[in-house]
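Residues per chain are reported as follows:
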Amino acid sequence: MRAFFIGRFQPYHLGHHEVLREIFSEVDEVVIGIGSAQESHTVENPFTAGERIMMVDRAVGEIKNPGQKVYIVPLEDVYRNSLWVSHVVSMTPYFDVIYSNNPLVIRLFREAGFEVRRTRMFNRMEYHGTEIRRRMISGERWEDLVPEPVVDVIEEIDGVRRIREIANTDF
Ligand code: ATP
Ligand code: MG
């Protein structure tokens, strides 16, 4: 059985990690979509699709068995919700079931006839991309909210300096 899970992963954090841990306990293979793949270098979307692939690829090594397979697929926005599921399907390996907690994602896949399974939320106050980016900009501690391999990737790309610089206004 192959599952699909999508996020923007700006950055990949422990909430995503716990959801995927549960998914890997239920299925053999997971297709992970990197949403808004065209976006980078903004406060909302600081990291490129390639950088997010690195985060996801290294982190899932902690939660899947060696026999389980993961496909990581960058997916650009299409700005037309009625075409979005076809777009995703055209870019990904075949999957049997989708996991999501996002009402629009759930609605669109159900309308297209897919089996959708709801995911739980884990410590949403802290395991939340917006909160992690806020902490990076304000110089607070964010490293405990993401898997260790993600800290490594963000250090390698000097990601905190990037988001702080782009958060500054013209002077
Ligand atoms: P942002 O604030 O940038 O939107 P986010 O934490 O919501 O960040 P996304 O990449 O938008 O991260 O999330 C992808 C999917 O992961 C969403 O459907 C979301 O519901 C789910 N998710 C996000 N945080 C958690 C969490 N703490 N526990 C469980 N699921 C989560
Ligand atoms: Mg979100």
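Heads up: the structure comes first, above all this text.
Read on for a plain summary of the structure. What you see is a predicted model; the values in this text were computed from it and never measured.

Quick word on the packing of aromatic side chains
Then, in step 1: This model, assessed by the stated rule, comprises eight aromatic pairs.
Then, in step 2: Relative to Phe 9, the ring of Phe 5 lies with its centre 6.2 Å away and its plane at 45°, an arrangement referred to as tilted. Take Phe 5 and Phe 9: they sit in the same class, and that class is buried.
Then, in step 3: Joined through ring pairs, the aromatic side chains of Phe 4, Trp 84, Phe 95, Phe 109 and Phe 114 make up one cluster.
Then, in step 4: Residue placement shows Lys 69 over the ring face of Tyr 71; its charged tip is 4.9 Å from the ring centre.

A few points about the pairing of strand β1 (residues 2-7)
In summary, the side chains of a regular strand alternate between the two faces of the sheet.
Then, in step 1: Judged by how many residues are buried, β1 sits mostly within the fold: five of six residues are covered.
Then, in step 2: Pairing analysis gives six bridges linking β1 to strand β2 (residues 29-34), with the strands arranged parallel. Within β2, the residue paired with Ala 3 across the bridge is Val 30.
Then, in step 3: Once the chain exits β1 it traverses helix α1 (residues 14-26) before rejoining the sheet at β2, and the crossover so formed is right-handed.
Then, in step 4: Across two bridges, β1 lies against strand β4 (residues 97-100) in parallel orientation. Within β4, the position partnered with Phe 4 by the bridge is Ile 98.

Quick look at unusual backbone geometry
Then, in step 1: The linkage connecting Gln 10 with the following residue, Pro 11, adopts the cis geometry, with an omega of 0°.
Then, in step 2: With respect to the element layout, Pro 11 can be found in the loop between β1 and α1.
Then, in step 3: Residues other than glycine seldom take positive phi values, yet His 41 does so here, at roughly 55°.
Then, in step 4: Within the fold, His 41 resides in the loop between β2 and α2 (49-60).
Then, in step 5: Even without glycine at this site, Asn 123 takes up a positive phi of about 40°.
Then, in step 6: Structurally, Asn 123 is set in the loop between β5 (115-118) and α5 (129-138).

Rules behind the numbers
- Residues numbered from 1 in each chain as written.
- Chains lettered and ligands numbered in written order.
- Predicted model: local features only at pLDDT ≥ 70, side-chain atom pairs only at ≥ 80, totals over all residues.
- Heavy atoms only, no water.
- Phe/Tyr/Trp six-rings, centres within 6.5 Å; stacked < 30°, edge-to-face > 60°.
- Buried < 20%, exposed > 50% of the residue type's maximum accessible area, 1.4 Å probe, protein only.
- Lys NZ or Arg CZ within 6 Å of the ring centre and 35° of its normal.
- Helix = DSSP H or I, 4+ residues; strand = E, 2+ residues; numbered from the N terminus.
- Pairing = 2+ DSSP bridges.
- Right-handed = clockwise from strand over helix to strand, strands pointing away.

On their own, these measurements won't tell you what the molecule is for.
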